[in-house]
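# Remarks on the overall topology
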Protein chains: 2
Amino acid sequence: MIFSSKKLESAVDALSSLPGVGRKTALRLALHLEKDDLGLVERLGKSLIELKTLTKRCAKCHNLSDEDVCNICLQAHRRQDLICVVESIRDVMAIEETGQFNGLYHVLGGRISPLEGVGPEDLSIELLQQRVATGKVNEIIMAISPSIEGETTIYYISKTLEDYQLDISIIARGISFGGELEYADELTLSRSIESRIPYQSKNS
Amino acid sequence: MIFSSKKLESAVDALSSLPGVGRKTALRLALHLEKDDLGLVERLGKSLIELKTLTKRCAKCHNLSDEDVCNICLQAHRRQDLICVVESIRDVMAIEETGQFNGLYHVLGGRISPLEGVGPEDLSIELLQQRVATGKVNEIIMAISPSIEGETTIYYISKTLEDYQLDISIIARGISFGGELEYADELTLSRSIESRIPYQSKNS
């Protein structure tokens, strides 16, 4: 691209560093923002800096939170003995959207993937073990996208937790192998939680 | 969407105000930026604020510029008597990309569209007339996307300039009707400039 303005070039460079944003899209966004007089640039800047500096991980479930403990963990009406283990914040949002789950969550922050250099120590598995060790958890639902890495993660976590009195289930394989959980429609996702399959029982 | 963080919600709101960015994409971008530790948020913020506050319109051609006169208008080797009239900054970039045009540009800032409330006074047509009035311009190429609004704009400008000794041509209709100039491939665009069609002659 040939730029008449170095400032425009810098903005396009920065915008095209975003995932899924190519140079043409970045140019379109930059020129939109340059023209904008509704303060969108200021609002974007402020909200992104606040997002980066003022948020933290929930001390209980590792979800993104404005406070030490997230507003899902703080809801007393939720079943405290049921934990749904997910890969990401987006998965929590997708399941909350269904309105069908009334337990707590645990956000791993990814899945075990030797190819991508993600090991168990990169995920919040130790924090999950600590939650289970309190003895207050009866059941864990593994709501992890079906894939090789997902299976590995489920297997690793179930091994880590095998000494505890605990039912572990996985969400029904209504989601096609290789599919991404966050793109499933609400009905499929909601049903796959309802018809979860026993995986490891505390009575075995 | 159900958010565990108000800061995340604000960031998604701001990002989804961008053209072509839906809520799901905005969420993906926000979570990417939240995790990022390479200073992308700071780089984005700085470059966008500089883009908005430190750029101006070139006093000659109305292109986006860091200085009073843009670096295209400053190139002495360009033909000073030939002006290519385009709708947008992106069109200048697309034509520069072809490397086939060695005249100057004039950026209108849009096209006349009564439906969208864009009249001739919203475009830099008066500035174009002032350039022509200096007597230094011999030829104008209208590189405006073929469409009803484009034809209207060409007609209006040619009427405005009819008292001057001037050749006016339009780029060859190699670009399909309704198509956007900036998405044309370089060859088509370069050829359409080469085989421009006389529209109004100073000798008529």
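All chains use their own residue numbering, which begins from 1 and follows the written sequence. Going through the entries in the order they are written, you letter the chains from A and number the ligands from 1. Totals for whole chains, interfaces and linings use every residue, but because this is a predicted model, local features are given only for residues with pLDDT of at least 70 and side-chain atom pairs only at 80 or more, for both listing and counting. To obtain the side-chain values, all non-hydrogen atoms of the structure were used and water was disregarded.

## A word on the overall build of chain A
- Helix numbering and strand numbering both begin at the N terminus, where a helix is a DSSP run of H or I of at least 4 residues and a strand a DSSP run of E of at least 2. Along its length, chain A carries seven helices and seven strands.
- For chain A, the succession of helices and strands along the chain, N to C, is α-α-α-β-β-β-α-β-α-β-α-β-α-β.
- By principal-axis analysis of the C-alpha atoms, chain A measures approximately 70 × 35 × 35 Å.
- Within chain A, the fraction of its 204 residues that count as buried is 48%.
- A fraction of 56% describes how many contacts in chain A between residues 6 or more apart in sequence connect residues 24 or more apart.
- As displayed, chain A has an accessible area near 9800 Å², and 51% of this comes from carbon and sulfur atoms.
- Under this rule, positive means Lys or Arg and negative means Asp or Glu; His and the chain ends count for nothing. Charge positions are represented by NZ for Lys, CZ for Arg, CG for Asp and CD for Glu. Here chain A carries 23 positive and 30 negative side-chain charges, and the mean point of each set is 3 Å from the other. Only protein chains enter the accessibility calculation, which uses a 1.4 Å probe; a residue whose area is less than 20% of its type maximum is buried, one above 50% is exposed, and one in between is partly exposed. Should any heavy atoms of two residues lie within 4.5 Å, those residues are considered in contact. What sets the accessible areas is the Shrake-Rupley method with a 1.4 Å probe; for residues, cover comes only from the shown protein chains.

## A short note on helix H1 (residues 6-15) of chain B
- All buried positions along H1 of chain B are accounted for by Leu 8, Ala 11, Val 12, Ala 14 and Leu 15 of chain B. One side of H1 of chain B holds all its buried residues, which, seen down the axis, span an arc of 160 degrees.
- The inward-facing, buried residues of H1 of chain B abut helix H3 (40-54), strand S2 (64-65) and helix H4 (89-98) of chain A together with helix H2 (23-35) of chain B.
- N or O atoms closer than or at 3.5 Å make up a polar contact, with two conditions inside protein: a donor-capable atom paired with an acceptor-capable one, and, for residues adjacent in sequence, both atoms drawn from side chains. Between the side-chain oxygen of the N-cap and the backbone nitrogen of Lys 7 of chain B there are 3.2 Å, and the N-cap of H1 of chain B in question is Ser 5 of chain B. Taken from the helix axis, the directions to the C-beta atoms give the arc we talk about.

## Some words on the domain arrangement of chain A
- For the purposes of this description, domain bounds are those given by an automatic or database domain assignment. Along its sequence, chain A is carved into domain 1 (6-54) and domain 2 (74-200).
- Computed over C-alpha atoms, the centres of domain 1 of chain A and domain 2 of chain A are 34 Å apart.

## Side note on the packing of aromatic side chains
All names here are of chain B.
- Here a Phe, Tyr or Trp ring, Trp counted by its six-membered ring, pairs with any other such ring whose centre lies within 6.5 Å, and the pair is stacked when the planes are under 30 degrees apart, edge-to-face when over 60, and tilted otherwise. As enumerated under the stated definition, the model contains two aromatic pairs over all chains in all.
- With 5.2 Å between their ring centres and 55 degrees between their planes, Phe 101 and Tyr 105 make a pair best called tilted. Accessibility assignment for this pair places Phe 101 and Tyr 105 in one class, buried.

## Focus on the packing of H3 of chain A against H1 of chain B
- Axis geometry follows a simple rule: fit a line to the C-alpha atoms, using only the stretch in contact for helices, then measure angles between N-to-C directions, giving values from 0 to 180 degrees. Closest axis-to-axis distance for the H3 of chain A/H1 of chain B pair is 9 Å, and the angle between their directions is 150 degrees. As the angle between them shows, H3 of chain A and H1 of chain B are arranged roughly antiparallel. For H3 of chain A against H1 of chain B, the interelement crossing comes out left-handed. Of H1 of chain B, the residues touching H3 of chain A (which contributes Leu 40, Arg 43, Leu 44, Ser 47, Leu 48, Glu 50, Leu 51 and Leu 54 of chain A) are Lys 7, Leu 8, Ser 10, Ala 11, Asp 13, Ala 14 and Leu 15 of chain B.
- Residues are grouped as follows: Ala, Val, Leu, Ile, Met, Phe, Trp, Tyr, Cys and Pro are nonpolar; Asp, Glu, Lys and Arg are charged; all remaining types, including Gly, are polar. Taken together, the residues of the contact of H3 of chain A with H1 of chain B break down into nine nonpolar, two polar and four charged. Roughly parallel means an angle under 35 degrees; roughly antiparallel, over 145; roughly perpendicular, 65 to 115; everything else is oblique. Should the near helix be turned anticlockwise from the far one by less than a right angle, the crossing is left-handed, and should it be turned clockwise, the crossing is right-handed.

## A few points about the pairing of strand S6 (residues 167-170) of chain A
Residues and elements named next belong to chain A.
- Bridge count for strand S5 (residues 139-142) against S6 is four bridges, and the pairing is parallel. Following the sheet pairing, Met 142 is matched in S6 by Ile 170.
- Remark: the S5/helix H6 (residues 148-160)/S6 crossover connection has right-handed handedness.
- Strands are treated as partners if at least two bridges between them are detected by DSSP. Relative to strand S7 (residues 197-200), S6 runs antiparallel, the two being bridged by three bridges. Among the inter-strand pairings, Ser 169 is bridged to a residue of S7, identified as Pro 198. A right-handed crossover is one whose linking path, passing over the helix from the first strand to the second, runs clockwise when the strands point away from the viewer.

## Some words on the relation of the copies chain A and chain B
- Mapping chain A onto chain B calls for a screw motion: a turn of 180 degrees about the axis and a shift of 0.0 Å along it, with 0.0 Å RMSD after fitting. Taken together, the rotation and translation relating the two chain copies correspond to the operation of a two-fold axis. Closest to the rotation axis within chain A is the C-alpha of Gly 45 of chain A, separated from it by 2.6 Å.
- Of the residues that chain A buries at the interface, 100% are likewise interface residues in chain B, meaning the two copies contact each other through the same surface. The copies were overlaid with a least-squares fit restricted to C-alpha atoms from residues scoring a pLDDT of at least 70 in each copy.

## Things to note about the environment of Glu 121 of chain A
- Tracing the backbone shows Glu 121 of chain A in the loop between strand S4 (104-107) and helix H5 (125-133).
- Taking C-alpha positions, Glu 121 of chain A is 33 Å from Gly 22 of chain A, a pair spaced 99 residues apart along the chain.

## A few points about the sheet that holds strand S6 (residues 167-170) of chain B
Residue and element names in this part refer to chain B.
- Taken together, five strands build an open sheet; the order of strands is S4-S3-S5-S6-S7 and the sheet is mixed. Either end of the sheet is taken by a strand with one partner, and the two such strands are strand S4 (104-107) and strand S7 (197-200). Strand-to-strand, the axes of this sheet are offset by a mean angle of 30 degrees, without reference to chain direction.
- Sheet topology places strand S3 (residues 82-86) next to S4; four bridges connect them, and they run parallel. Each residue of the ladder has a partner; that of Ile 83, found in S4, is Leu 104.

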